[in-house]
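# Fold and contact review
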Amino acid sequence: MKMLLASFGRDFLDSLARVGSLNVMFYRTLRSLFPPRYDREELFRQLHRIGVRSLPIVILTALLVGVIMVLQSMTYVRKTGATGFVGAGAGLAVLSELGPSLIGLMFSGRVGANAAAELGNMVVSEQVEALRALAIDPIRFLVAPRFVAIVTSLVLLTVVGDLCGLVGGAMACHWLLDIDWRTFVAGLMEVELLDDFIVGLVKAAAFGGVISTVSSNYGLTVSGGAQGVGRAVNGCVVTTALGIFIADYVITWVWFQI
Amino acid sequence: MSEPTPVARLIGVDKSFGSHTVLAAVTLELPAGRCTFVAGPSGTGKSVLVRHLVGLLRPDAGEVWYRDLRVDQLDEQALLVLRRKCVYVFQHPTLFDSMSVAENVALVVKYHKGVKARVAESLARAQLERMGLSRLADARPPELPSGEQKLVSLARALALEPETLILDEPTTGLDPYAAFEIDAHVRQLKEQGVTLLVISHDLQSIRRLADEVVFLFDRQVRYQGGMQGFFEANDPVLDQFVHARVHGAI
Amino acid sequence: MALWITVGQMLSLSLWALLRLRLGGREMVRQVYETGNRSILFVGITMAFIGMIGVYELASTMEAVLPEYSTLGAATLQGLTREMGPIMAGLLLATRVGTGMAAEIGSMQVSDQIDAMKLCSVDPVELLVLPRLFASSIASLGLAALGTTIAFFSGMAVAWFGFSILPDTFMSLRFVVTGDLIMGISKALVFGFTVPLVSCACGFQASGGSEGVGKATTRAVVLSSFLVIVEDALITYIGEVLQ
Ligand SMILES: Nc1ncnc2c1ncn2[C@@H]1O[C@H](COP(=O)(O)OP(=O)(O)OP(=O)(O)O)[C@@H](O)[C@H]1O
Ligand SMILES: [Mg+2]
């Protein structure tokens, strides 16, 4: 029992320390973004690597999410008879909620974990120390371009994903449920979608910030060889997932207040 | 010849990792424009010692000075300024393996000269050319033998045009010819008036190049003085090191 | 491609072991404990947030479409049971447990420990994978149930404080039928089986030092999360057809 409490206490202190160092990382990243002096080539390279190469997985995920949401709201519709709900329910869920958060999760798995592993390897092989010794600020050189690329890519990918999600929903209606896809679109039109679309993008930008900050932080604090890198990647995806849902709740809450 | 002013000084530096004390009250001066060698058995903390000079490590106690800067109290931003003048080349070649050799050098140029990528690249190639390394420009670092990796690391550091250069075991593990090539570069730098601090247990290099020798042993500076004095010192530890005797304190 | 061969091999081996009822009891119990223990806090906290977000969103959608809330609680519980509970538990399992397994087996692979095992004629799949596979299916079931419960109650709090819906009204089992329960349970079991299968295969495929371990881990999260989503769509559709 005492041991359990002790380990719980240690975990708690560790998490507090982690939250602190995440904030420091976020602050230093933002500071290195102004004035914008990062080099454009590096940024484009990262945008390609991060954004373009994540496109297939994002499109597939979004299509499936659209399908799942339509199937799900069907069961509700069948019980209540509110057919308009197929389009509205699925559309709102995809745009404001599941689109951004599931795309965010997939993106964190592909890009965040990758960044943590990459930075972790640079730390383990002393390449980060070497940057410091060459008077190059690792935050400005390694973290800032990734931050910009990750946030931009995730927002753009969410736009694409939203579209694919709706297409997926319409296809599910048409082929799986034998509902005319026009009913789906009519349901969509019934509700104000623009607001939800925008809140979805705000969320995507925030998730991008979370993913970039967490992965850079875990990557740059690796210690202990191959196992250390594995541990960092693991910690990174877990913390990111937690961060995504906390940010999601905060934004949803603030959004409904105003 | 008058005594040259020190560029860098360590005063009473202590450093431990956990319960393992690596340096105890180490005091050291680095004279300007001279070539100082640091020698000592493996694992005595030579690398740890010099990392204090560029602020990669901070002492538990004591002071580190570079000219009139108190290095151990600088923050990261101020350290970046220091590291532009005083460059440390790592013991292991720490090239960025996602970039080609030329890009590795160009990176430094781009950051510190504030030039466009294309200009930086051509300056980098010129630097490689001067060191006779043009043939490596497009190779990826992991493909190169370790001697060439070390040469490239040196080239990358020189792209900063440092006033003080710290080399951590530049010739260890190289064949005699590659070692000779590195030494030739060091000699050239010495003639250009760059202050040099070289960690090495390569006695040949020491004979060829050293003005001063610092011998580190058992957490302390055992000897600091001229090169001749190092080889002739009447100290059993130095004697054992210089003549590679099996029996003794080391 | 080589990855799918490994997955196939491991799948057939594990089904064979299941048939012969050779599950290695004690090791499996330990693994269930470890898997569950490692993820319980994470899943709990995350699902609490998901419950709150879900109810917020659902309530405002209902406000826009139906304008009344009487079905909010019932719809929430149904959605959680058959959909959000299992899929989120599956995704969280992929991030928490999947990456762990890929990293663990990956670092054993790059440091030649797996080969060493084969040289002592110990089958690494039987020793490392099988206990994890069955353990994680069981743990996944538990986590999905726990997560659903937590999400429901956190959603109830939001409904109460945010939309003034009393817990009495919210707490309604009206919509949930046996079919939903079966769907939820089968999803949790399938996800719990998929995640370690794919993640361990990624771990075995690792090569090339710490870089390889990082890559294997990344690949494990992406592939297993994606498969969870695909399987979820499939099972939902099958359920839909059967009803
Ligand atoms: N970051 C660190 N954490 C813990 N211990 C360290 C760290 N860095 C160095 N040490 C310890 O300090 C001691 C001195 O290391 P150092 O690398 O300075 O030796 P060295 O004199 O450069 O030897 P070599 O000739 O092998 O390079 C070693 O025993 C090492 O274990
Ligand atoms: Mg050393």
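Structure's up top.
These figures come from a predicted structure and were not determined experimentally. Every chain is numbered on its own, with residues counted from 1 as its sequence reads. In the order they appear in the text, chains get letters beginning with A and ligands get numbers beginning with 1. This being a predicted model, a pLDDT of at least 70 is required before a residue's local features are given, and a value of 80 or more before pairs of side-chain atoms are given or counted; all residues contribute to the totals for chains, interfaces and linings. Side-chain figures throughout are based on the complete set of non-hydrogen atoms in the structure, without hydrogens or water.

## Some remarks on the interface of chain A and chain B
Put simply, the test is: In what follows, residue pairs with any heavy atoms lying within 4.5 Å of each other are defined as contacts. As used here, buried area is the combined drop in accessible area, with a 1.4 Å probe, of two parts when they are placed together. Salt bridges are defined by distance alone: a side-chain nitrogen of Lys or Arg within 4 Å of a carboxyl oxygen of Asp or Glu. Within 3.5 Å is the distance limit for a polar contact, defined as a pair of N or O atoms, with the added protein rule that one can donate a hydrogen and the other accept it, and that residues adjacent in sequence qualify only through two side-chain atoms. Helix numbers and strand numbers start at the N terminus; a helix is a DSSP run of H or I with at least 4 residues, a strand a run of E with at least 2. Each residue is assigned to one class: nonpolar for Ala, Val, Leu, Ile, Met, Phe, Trp, Tyr, Cys and Pro, charged for Asp, Glu, Lys and Arg, and polar for all the others, Gly among them.
Contact with chain A, which involves 18 residues of that partner, is made by 25 residues of chain B. Note on chain A versus chain B: buried area summed over both sides is about 2,000 Å², and carbon and sulfur give 61% of it. On the chain A side of the contact with chain B, Ala-133, Leu-134 and Ala-135 of chain A bury the most area, a combined 28% of that side's loss. Summed over the shared surface of chain A and chain B, the number is three salt bridges. A salt bridge links Arg-132 of chain A to Glu-76 of chain B, with the nearest nitrogen and oxygen atoms 3.7 Å apart. Our count for the chain A to chain B interface comes out at four residue pairs in polar contact (both at pLDDT 80 or more). Secondary-structure elements contributing two or more residues to the side of chain A that touches chain B are helix H5 (127–133) and helix H6 (138–176) of chain A. Along the lines of polarity and charge, the residues of the side of chain A that touches chain B split into eight nonpolar, two polar and eight charged.

## Focus on the packing of aromatic side chains
Quick note on the threshold: Whether two aromatic rings pair depends on their centres lying within 6.5 Å, for rings of Phe, Tyr and Trp, where Trp uses its six-membered ring; planes under 30 degrees apart make the pair stacked, over 60 edge-to-face, and the rest tilted. Think of it in three bands: with a 1.4 Å probe and only protein chains considered, a residue is buried below 20% of the maximum accessible area for its type, exposed above 50%, and partly exposed in between. A ring is scored as having a charge over it whenever the NZ atom of a lysine or the CZ atom of an arginine sits within 6 Å of its centre and within 35 degrees of its normal.
For the structure on display, the rule yields 14 aromatic pairs over all chains. Where Phe-230 of chain B meets Phe-231 of chain B, the ring centres are 5.2 Å apart and the plane angle is 75°; that geometry is what we call edge-to-face. Exposure remark for Phe-230 of chain B: the relative accessible area of 1% places this residue in the buried category. With centroids separated by 5.5 Å and ring planes inclined at 75°, the aromatic side chains of Tyr-56 of chain C and Phe-163 of chain C adopt a geometry described as edge-to-face. On the criterion of sequence distance, the pair formed by Tyr-56 of chain C in helix H2 (residues 25–65) and Phe-163 of chain C in helix H5 (residues 124–163) is long-range, its members being 107 residues apart. Owing to a relative accessible area of 6%, Tyr-56 of chain C belongs among the buried residues under this scheme. One aromatic cluster in this structure is built from Phe-215, Tyr-223, Phe-230, Phe-231 and Phe-241 of chain B. Looking at Arg-18 of chain A, its charged tip hangs above the ring of Tyr-218 of chain A, at a distance of 3.8 Å from the centre.

## Brief notes about the site of ligand 1
All names here are of chain B. What counts, and what does not: Being near a molecule or strand, for a residue, comes down to having at least one heavy atom within 4 Å of it.
Ligand 1 sits among 13 residues. The nearest are Gly-43, Lys-46, Ser-47, Gln-91 and Glu-169. With respect to ligand 1, the backbone of Gly-43 contributes an N or O atom lying 2.8 Å from an oxygen atom. Elements with a minimum of two residues in the shell around ligand 1: strand E2 (20–31) and helix H1 (46–53). Here the shell around ligand 1 gets three residues from one element, more than from any other, and that element is H1. Residues belonging to the shell around ligand 1 are distributed by class as follows: three nonpolar, eight polar and two charged.

## Quick word on the layout of surface pockets
How we decide: Only protein atoms enter the 1 Å grid used here. Points where a 1.4 Å probe fits but cannot escape make up a cavity, open sets with protein on both sides within 12 Å along at least five of seven lines make up a pocket, and a residue lines them when an atom lies within 4 Å of a point. Grid points are joined across faces, edges and corners, and a volume is the space filled by probe spheres set on the points.
The calculated volume of the largest pocket comes to roughly 2,100 Å³. Its residues assigned to classes, the lining of the largest pocket shows 24 nonpolar, 17 polar and eight charged.

## Some thoughts on the sheet that holds E2 of chain B
Residues and elements named next belong to chain B. Formally: Here, a strand pair is defined by DSSP locating no fewer than two bridges between the strands. Lines fitted to C-alpha atoms define the axes, with helix axes restricted to the stretch in contact, and inter-axis angles between N-to-C directions lie between 0 and 180 degrees.
Ordered by their spatial adjacency, four strands build an open sheet running E2-E1-E4-E5, and the pairing between neighbours is antiparallel. Taken across any chain shown, the strands that pair with only one partner, and hence form the sheet edges, are E2 and strand E5 (69–70). In terms of strand pairing, strand E1 (residues 6–17) meets strand E4 (residues 61–66) through five bridges, oriented antiparallel. Residue pairing across strands places Leu-10 opposite Val-64, the latter belonging to E4. Taken strand by strand, H1 contacts E1, E2 and E4, and its axis lies near 125° from that of E1.

## Topic: the coordination of the magnesium ion (ligand 2)
All names here are of chain B. Heads up, the condition is: Metal-coordinating donors are taken as N, O and S atoms lying within 2.8 Å of the metal, or within 3.2 Å when the metal is Na, K or Ca; because water is left out, some sites can appear incomplete.
The coordination sphere of the magnesium ion (ligand 2) contains the protein donors Ser-47 (OG) and Gln-91 (OE1), at a distance range of 1.9 to 2.2 Å. Pair noted here: Ser-47 is in helix H1 and Gln-91 is in the loop between strand E6 (86–89) and helix H3 (101–113), with a separation of 44 residues, a long-range link. Looking at Ser-47, the relative accessible area reads 19%, which means it is buried. Residue Gln-91 is classed as partly exposed on the basis of its relative accessible area, which comes to 24%.

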